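Fold and contact review
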Amino acid sequence: MTALKGQVAVVAGATRGLGRAIAVALGEAGATVYCTGRSVRGEPSDIGRRETIEETAELATAKGGRGIAVRVDHTEEEQVQGLFRRVSEEQDGRLDILVNDVWGGESLTEWGKPFWELDIAKGLLMQKRAVHTHLITSRYAAPLMVARKQGLIVEVTDGWDYRYRGNLPYSLAKTSVIHLAQGMAADLKPLGIEAVAVSPGFLRSEEMLDHFGVTEDNWRDGAKKDPHFLQSETPYFLARGLVALAADPDRAAKTGGVFTSWGLSDLYGIRDVDGSRPHWGNYAKEQGFYD
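Here we summarise the structure given alongside this text.

Criteria and thresholds
Residues numbered from 1 in each chain as written. Predicted model: local features only at pLDDT ≥ 70, side-chain atom pairs only at ≥ 80, totals over all residues. Heavy atoms only, no water. Pairing = 2+ DSSP bridges. Helix = DSSP H or I, 4+ residues; strand = E, 2+ residues; numbered from the N terminus. Axes fitted to C-alpha atoms, helices over the stretch in contact; angles between N-to-C directions. Contact = heavy atoms within 4.5 Å. Patch = residues over 30% accessible without salt bridge, like charges linked within 9 Å, V, L, I, M, F, W, Y side chains within 5 Å. Areas by Shrake-Rupley, 256 points an atom, 1.4 Å probe, with all protein chains shown as cover. Salt bridge = Lys/Arg side-chain N within 4 Å of Asp/Glu carboxyl O. Parallel < 35°, antiparallel > 145°, perpendicular 65-115°, else oblique. Left-handed = near helix turned anticlockwise from the far one by under 90°. Nonpolar A, V, L, I, M, F, W, Y, C, P; charged D, E, K, R; others polar.

1. Side note on the sheet that holds strand β2 (residues 32-37)
Taken in spatial order, the 7 strands of this open sheet run β3-β2-β1-β4-β5-β6-β7, and their pairing is parallel. Every other strand in the sheet has two partners, leaving β3 (66-71) and β7 (258-260) as the edge strands with one partner each. Ignoring strand direction, the axes of neighbouring strands in this sheet form an average angle of 20°. Pairing analysis gives 4 bridges linking strand β1 (residues 8-12) to strand β4 (residues 97-100), with the strands arranged parallel. Bridge pairing links Val10 to Leu98 in β4. Lying on the sheet, helix α4 (residues 120-148) is in contact with β1, β4, β5 (151-156) and β6 (193-199); it crosses β4 at an angle near 175°. Contacts between helix α8 (residues 261-268) and the sheet are confined to β6 and β7, with β7 contributing the most and set at about 85° to the helix.

2. Description of a nonpolar patch on the surface
Taken together, Phe115, Trp116, Tyr164 and Leu168 make up a surface patch of nonpolar side chains, about 520 Å² in accessible area. When you line up the elements, Trp116 lands in the loop between β4 and α4.

3. Quick look at the packing of helix α1 (residues 17-28) against helix α2 (residues 53-62)
For the pair α1 and α2, the least separation of the axes is 7 Å and the interaxial angle reads 25°. Classified by the angle between their axes, α1 and α2 sit roughly parallel to one another. Handedness of the α1/α2 crossing: right-handed. Where α1 approaches α2, its residues Arg20, Ala23, Val24 and Gly27 are matched on the opposing element by Glu55, Thr56, Leu59 and Ala60. Taken together, the residues of the contact of α1 with α2 sort by class into 4 nonpolar, 2 polar and 2 charged.

Read these as spatial facts, not as claims about activity.
In structure tokens, the structure reads:
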């Protein structure tokens, strides 16, 4: 569990969900993890959730790493520049892993509407929060990696290809970050730096648990509302797979790839926190979701 001991990571969007789980899993693997986001104690973001980056940093530290909470609005270029100046100063120029998980689009997605009926302001704000932030953050993280000719940039998305995801702004955001990973991989490959995209299956995040009116202890009761929920996974399923990928000595061969939680489980033998190995890909195929 110390495969990443001594390494330095930044998880952008570490307040909750996958970002939190990835930060904690990196800490458990021995890394120093800068946990960034907008929600801090006493000052939540406009999303209005209760989770904070301080909690995430404390969880990462409790698992054996070193969690450092830094409040950053990743839509603000100067704040992002300041973050990486701080990382460089505190870590002697070292940055091994960047995870881009900034999202903030839950309340902006208008499901069930064709694009010409959507609120364009919401659609554009989604791109600012979920795509522009990733590009800005990568722009200022990459020079630290380039200077040492090593590193890994991870784009967190939903889905593993370019098919339409049912809502145009949402689909644009999720496919755009896949292309970001592939484009960055092409630019960075000659320097020995990798970039990949990763996607969960049916994610049992804090917000999803609230949506189904359950907790992690009784989550299966959510199947009363949606039977597909029984195939869901915790954020730690993908997080553990990502740690295994980051520690893979053959990581360079995987640059530019798009990896799913179940695919990483197949590749590295990863299990979820309850010991299970959910496989949304097989289930979705059986159900004909992606025909």
